[in-house]
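Topology and contacts: notes
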Amino acid sequence: MAITLAKGQKVDLTKTNPGLKNVIVGLGWDTNKYDGGHSFDLDTAAFLTTGAGRVTSDVDFIFYNNLRHPSDSVIHLGDNLTGIGEGDDEQIKVVLDQVPANIERIAFTVTIHEAMQRNQNFGQVSNSYIRVLDEATGAELVRYDLGEDFSIETAIVVGELYRHNGEWKFNAVGSGYQGGLAALCGNFGINV
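Notes on the structure in this doc start here. (Residues numbered from 1 in each chain as written. Predicted model: local features only at pLDDT ≥ 70, side-chain atom pairs only at ≥ 80, totals over all residues. Heavy atoms only, no water.)

Details of the sheet that holds strand E2 (residues 10-12)
The strand order E2-E12-E11-E8-E4-E5 describes an open sheet built from six strands, whose pairing is antiparallel. One side of each edge strand has no neighbouring strand; the edge strands of this open sheet are E2 and strand E5 (61-62). The pairing of strand E8 (residues 105-112) with strand E11 (residues 155-164) spans seven bridges and is antiparallel. By the bridge assignment, Val 110 is partnered in E11 with Ile 156. (Pairing = 2+ DSSP bridges. Helix = DSSP H or I, 4+ residues; strand = E, 2+ residues; numbered from the N terminus.)

Structure below.
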């Protein structure tokens, strides 16, 4: 049975699920009726950071143009350009025991591609969620539904996996940013 979280709540993953090795982080969304003449393209990314919340280099930024971390610990499973259909719109696989020791957090984000040019924001997006699945069993372990809290934001840190005392935990973050992917990259220490 999945644990449903509210913004800011944290939960143990590996402590309450002994033997958990590989997880799939699934993110999903729907777009509201929109007559702006442009389709929506939302993109998921992962930032692998140290305890200071910064990447050590650009390879720690996993997204549609860099699908795999050199350690093979974080793998983006593909860019969905339309978001049409049921279930997760994009997924990222995490091999927990291969995450480099200096990485303490993996932040999962969603941005709207070309949001400023297309005059789009998360106020036009609904039913957004992040969930963590046990890859071996397909069981949903954790779910966080974002709700309708975002109106002008073009990027969101949805949630994060983080290491604490040798165990992996999940934090439902739900922090919005204006400025899209560039603002997120700057936040995590990547120059664009």
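Once you've had a look at it, read on.
Quick word on the side chain of Thr 111
Position of Thr 111 relative to the elements: it lies in strand E8. With a relative accessible area of 5%, Thr 111 lands in the buried category. With residues near it in sequence (within four places) discarded, Thr 111 still touches Asp 41, Leu 42, Asp 43, Phe 122, Thr 154, Ala 155, Gly 180, Leu 181 and Leu 184. (Buried < 20%, exposed > 50% of the residue type's maximum accessible area, 1.4 Å probe, protein only. Contact = heavy atoms within 4.5 Å.)

Comments concerning empty space enclosed by the protein
Under the counting rule described, the total for this entry stands at one cavity of 30 Å³ or more. In this model, the largest cavity occupies a volume close to 50 Å³. The wall of the largest cavity is formed by Leu 27, Gly 28, Trp 29, Val 110, Phe 122, Ser 128, Tyr 129, Leu 146, Ile 156 and Val 158. The element that contributes the greatest number of residues to the lining of the largest cavity is strand E3 (residues 22-31), accounting for three residues. By residue class, the composition of the lining of the largest cavity is eight nonpolar, two polar and no charged. (1 Å grid on protein atoms, 1.4 Å probe; cavity = no way out; pocket = protein on both sides within 12 Å on 5 of 7 lines; lining within 4 Å. Points joined across faces, edges and corners; volume = space filled by probe spheres on them. Nonpolar A, V, L, I, M, F, W, Y, C, P; charged D, E, K, R; others polar.)

Describing the environment of Gln 98
Considering the arrangement of structural elements, one finds Gln 98 in the loop between strand E7 (90-95) and E8. Residues Gln 98 and Val 132, 34 residues apart in the sequence, show an inter-C-alpha distance of 17 Å. Not counting the four nearest positions on each side in its chain, Gln 98 is found in contact with Ser 71, Asp 72 and Ser 73.

A closer look at the pairing of E8
A large share of E8 lies buried, amounting to seven of its eight residues. Examined bridge by bridge, strand E4 (residues 42-49) and E8 share eight bridges and lie antiparallel to one another. Within the sheet, the bridge partner assigned to Thr 44 lies in E8 and is Val 110.

Section: the environment of Asn 187
Mapping Asn 187 onto the fold places it in helix H2 (residues 180-187). Using a relative accessible area of 30% as the deciding quantity, one classes Asn 187 as partly exposed. Along the sequence, Asn 187 and Gly 28 sit 159 residues apart, while their C-alpha atoms lie 23 Å from each other. When residues no more than four places from it in sequence are discounted, the contact partners of Asn 187 are Gly 53, Arg 54 and Tyr 177. Of note is the side chain of Asn 187, whose polar atom sits 3.2 Å from the side chain of Tyr 177. (Polar contact = N/O pair within 3.5 Å; in protein donor to acceptor, adjacent residues only side chain to side chain.)

Examining the pattern of salt bridges
Tallied over the entire structure, the rule returns nine salt bridges. A salt bridge links Glu 135 to Lys 93; the shortest N-O distance between them is 3.4 Å. Taken as a pair, Glu 135 in the loop between strand E9 (125-134) and strand E10 (140-145) and Lys 93 in strand E7 lie far apart in primary sequence, 42 residues in all. Asp 145 serves as the salt-bridge partner of Arg 143, at 3.2 Å between the closest nitrogen and oxygen. Residue class for Arg 143 comes out partly exposed when judged on its relative accessible area of 22%. One salt-bridge network, in which partners are shared between bridges, spans Asp 88, Arg 131, Glu 140, Arg 143 and Asp 145. (Salt bridge = Lys/Arg side-chain N within 4 Å of Asp/Glu carboxyl O.)

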